[in-house]
Every structure is written in structure tokens, then in C-alpha cells.
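# Fold and geometry: a report
The chain contents come next:
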Amino acid sequence: MPKVGILGCEATTRDMDCVMIGCFGNLRGRQGMFERYTEDDPPELVGIISCGGCPTAFGTDRVWQKVRALKEYGIEALHLTSCLVQVCPFLKEFTEAIRTEYPDLQIVEGTHPFHDIDAFKAGVKELTTQRAVTPQKMNDLVFRRIKIHSEEDEKEANE
Ligand code: SF4
């Protein structure tokens, strides 16, 4: 069984609460970018790790540490999540840094397909910027405009 690891986008997992349902579903079914594995020799998922967060102008090299955590368990292939591939501005730099550090590691760009890539990108933009439903912050409390969740809200939500 080929040992594989997944490198994810920290922003989508930490800030957007992505539970990687598409990645795991495609892995189990050997679909999407896991089609390359055969039924007789299915992939064994060793682990997942996130990139560590947007690296600013200085830190793309840090990704080697994240990959090392998986590499030490003997992964042969590293799948970059489809989110990372589609929305990460550091994709090229990450790939180059990983390739330089681990030349024998197969890097696969993607995990699952998208039904509508433009809708996905528009959705991620909204989740990142939160324009449609503005989150409340400390200033809302200080300026006394904070909205407090009530039992009536709960009832309405459940109707
Ligand atoms: S560096 Fe790329 S993969 Fe990591 S959190 Fe930022 S956008 Fe996501």
C-alpha cells in the first residue's frame, strides 16, 4: 500500500472549519486525484498536516518542517489539498521548497475535483472577508451595538 500524506491549507481548516470531507471521501473511493492508486494497491493515509499559515514574504521554506512530520512516517506521496492548489498564492514556492528538500517524494497537486471552481473561489473569498454576514467583534461590544443571541432566536432557528 503506497503511504500517502496530505498537506492542507491552514486558512481553510482553522478559519473556515473545513473538515476535509471531500479529501477523505475521494481518498476512500480512490477518486479525484486518488484515481492513480489501484484497487489492489490502495493508498494508506499516514496523516495530514496544515501548511502552518500564510508565510508572509519570508517563510515559504518553513513548509519543509510540516512535510518532515509526515515524511518521517515514510510517506511516498504528498497530496496538496485541492483548496491549497486553487487558492494558495504560495503554491509554486511551496512545491519548489518541498521538491528541493525531499527530491524522492512524489508531489500530487490536488485531492478532489470541484463541481464549480468559480463558485468555490467566490465562496472562499466571502468566507475570508465576511462581507455578507459581518462577524461581531469587541468594538461592537464597546460601542454597544452588539446583538445578543436569545431564546426566541433559537426557537425561530428551529422552526
Ligand atoms: S499559505 Fe496558502 S495554504 Fe497556507 S494558509 Fe495561506 S493560502 Fe492556505
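Quick note: structure is the one above.
A few points on the structure. (Residues numbered from 1 in each chain as written. Predicted model: local features only at pLDDT ≥ 70, side-chain atom pairs only at ≥ 80, totals over all residues. Heavy atoms only, no water.)

### A look at the overall build of the protein
The test is simple: Here a strand is any run of E in DSSP of at least two residues, a helix any run of H or I of at least four, and the numbering for each starts at the N terminus. Each radius of gyration is computed over the set of C-alpha atoms, and the globule rule expresses the reference value as 2.2 Å times the number of residues to the power 0.38. Only protein chains enter the calculation, and the probe is 1.4 Å; a residue is then buried if its accessible area is under 20% of its type maximum, exposed if over 50%, and partly exposed in between. Only heavy atoms matter for contacts: two residues are in contact if any of them lie within 4.5 Å across the pair. His residues and chain termini do not enter the charge count, which takes Lys and Arg as positive and Asp and Glu as negative. All charge positions are set by atom: Lys at NZ, Arg at CZ, Asp at CG, Glu at CD.
On a plain count of helices and strands, the protein comes out with 8 helices and 4 strands. For the protein, the succession of helices and strands along the chain, N to C, is β-α-α-β-α-β-α-α-β-α-α-α. Relative to a compact globule of 159 residues, whose C-alpha radius of gyration would be 15 Å, the protein shows 19 Å and is clearly more extended. Along the first, second and third principal axes, the C-alpha set of the protein runs to 60 × 40 × 30 Å. Per-residue burial for the protein yields a buried fraction of 34% across its 159 residues. Taking the intrachain contacts of the protein between residues at least 6 apart in sequence as the baseline, contacts between residues at least 24 apart amount to 74%. Charged side chains in the protein number 19 positive and 26 negative. The centres of these two groups are separated by 6 Å.

### Some thoughts on the environment of D15
Keep this limit in mind: Throughout this description, a polar contact denotes any pair of N or O atoms lying within 3.5 Å of each other; where both atoms belong to protein, one of them has to be capable of donating a hydrogen while the other can accept it, and for residues adjacent in sequence the pair is counted only when both atoms sit in side chains.
Following the sequence through the fold, D15 ends up in helix 1 (residues 10-15). Side chain to side chain, D15 and R14 meet in a polar contact 3.1 Å long.

### Here's the deal with the nonpolar core
Short version of the rule: What makes a nonpolar core is a set of buried Ala, Val, Leu, Ile, Met, Phe, Trp, Tyr and Cys residues whose side-chain atoms join them at distances within 4.5 Å.
Among the nonpolar cores identified, the biggest contains 20 residues, and L7, L78, L80, L84, I98 and L105 are the most heavily contacted of them. For this core, the secondary structure elements donating two or more residues are helix 3 (63-71), strand 3 (77-80), helix 4 (82-87) and helix 5 (91-101). Broken down by element, this core gets its largest block of residues, 4 residues, from helix 5. Excluding anything up to four places from it in sequence, L7 contacts I49, S50, C51, V63, K66, L78, H79, L80, T81, L84 and I98. Judged by nonpolar contacts, the second largest core, of 8 residues, contains I6, L27, F34 and Y37.

### Here we look at the sheet that holds strand 2 (residues 44-50)
As a reminder of what qualifies: Between any two strands, pairing holds if DSSP finds at least two bridges. Axis definition: a line fitted to C-alpha atoms, over the contacting stretch in the case of helices. Angles run 0 to 180 degrees between N-to-C directions.
The strand order 2-1-3-4 describes an open sheet built from 4 strands, whose pairing is parallel. The open sheet terminates on both sides in strands that have one partner only, identified here as strand 2 and strand 4 (106-109). Pairs of neighbouring strands in the sheet enclose a mean axial angle of 25°, with direction left out of account. Bridge count for strand 1 (residues 3-8) against strand 3 is 4 bridges, and the pairing is parallel. Following the sheet pairing, L7 is matched in strand 3 by L80. Here helix 5 sits on the sheet and contacts strand 1, strand 3 and strand 4; the angle it forms with strand 4, its principal contact strand, is near 165°.

### With respect to helix 2 (residues 21-29)
So the rule is basically this: By arc we mean the arc of the directions from the helix axis to the C-beta atoms, nothing more.
Listed in full, the buried residues belonging to helix 2 are C23, N26 and L27. Down the axis, helix 2 shows its buried residues gathered within 105° of arc, on one side only. Summarising the geometry of helix 2, the exposed residues directed more than 90 degrees from the buried face are I21 and R28. Tucked inside the fold, the buried residues of helix 2 contact strand 1 and strand 2.

### Some details on the packing of helix 3 against helix 5
Spelled out, the test is: Throughout this description, any angle smaller than 35 degrees is read as roughly parallel, any larger than 145 degrees as roughly antiparallel, any in the 65 to 115 degree range as roughly perpendicular, and the remainder as oblique. Each crossing gets its hand from how the near helix is turned against the far one by less than a right angle, where anticlockwise is left-handed and clockwise is right-handed. Throughout this entry, Asp, Glu, Lys and Arg are counted as charged residues, while Ala, Val, Leu, Ile, Met, Phe, Trp, Tyr, Cys and Pro are counted as nonpolar. The remaining residues, Gly among them, count as polar.
The contact between helix 3 and helix 5 brings their axes to 9 Å, and the two run at 55°. Considering their axes alone, helix 3 and helix 5 lie oblique with respect to each other. Considering how the two elements wind past one another, helix 3 and helix 5 form a crossing that is right-handed. Side by side, helix 3 and helix 5 meet where V63, W64 and V67 of the first sit next to F94, A97, I98 and E101 of the second. Classifying every residue of the contact of helix 3 with helix 5 by side-chain character gives 6 nonpolar, no polar and 1 charged.

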